[in-house]
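Structure assessment
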Amino acid sequence: MAGAVMAPILPELIEDLHLSRGWAGSLVSVHYLTLALFSPILGIWADRQGQLRILLPCLVAYGVIGVSGALLPNYPTLLVDRGFLGIATAGI
């Protein structure tokens, strides 16, 4: 869902942030990269700590980080936000 929401607005992001198409595409892919890296880690941690202890903070983080992406002013902060969103998604 997070990648599918970002892809349709890439043309507007390219114009507003004055990006090349390659850099704009990384906004979609960084989410999936962190998701792939942190899913096994958070899965093992959830098995040890309990599923709700991982799920609930990740749900809150997903909501906060997802909304904050609309307020970020430039590319580097938006890229970091998308990375954190991938980590929160991995916990869900």
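The coordinates are above.
Scope of this entry: the structure provided in the associated data block. Quick caveat, the model's predicted, so the values are computed rather than measured.

**Description of the nonpolar core**
- Within the largest apolar cluster, 10 residues are counted, these being M6, L10, L13, I14, L19, A24, L27, V28, Y75 and L78.
- Breaking this core down by element, the ones donating at least two residues are helix 2 (10-17), helix 3 (21-49) and helix 5 (75-91).
- Not counting residues within four places of it along the chain, the set of residues in contact with Y75 comprises L17, L19, W23, S26 and L27.
- Membership of the second largest hydrophobic core comes to five residues, among which are L42, A46, I54 and A90.

**So, the packing of helix 3 against helix 5**
- Packing of helix 3 against helix 5 leaves a shortest axis separation of 7 Å and a crossing angle of 30 degrees. Judged by the sense of rotation from one axis to the other, the crossing of helix 3 with helix 5 is right-handed. Residues W23, S26, L27, V28, V30, H31, T34, L35, F38, S39 and L42 of helix 3 lie in contact with helix 5, whose contacting residues are Y75, L78, L79, R82, G83, L85, G86, I87, T89, A90 and G91.
- Residue composition of the contact of helix 3 with helix 5, by class: 13 nonpolar, eight polar and one charged.

Each value, and the rule that gives it
- Residues numbered from 1 in each chain as written.
- Predicted model: local features only at pLDDT ≥ 70, side-chain atom pairs only at ≥ 80, totals over all residues.
- Heavy atoms only, no water.
- Core = buried A, V, L, I, M, F, W, Y, C linked by side-chain atoms within 4.5 Å.
- Buried < 20%, exposed > 50% of the residue type's maximum accessible area, 1.4 Å probe, protein only.
- Helix = DSSP H or I, 4+ residues; strand = E, 2+ residues; numbered from the N terminus.
- Contact = heavy atoms within 4.5 Å.
- Axes fitted to C-alpha atoms, helices over the stretch in contact; angles between N-to-C directions.
- Left-handed = near helix turned anticlockwise from the far one by under 90°.
- Nonpolar A, V, L, I, M, F, W, Y, C, P; charged D, E, K, R; others polar.

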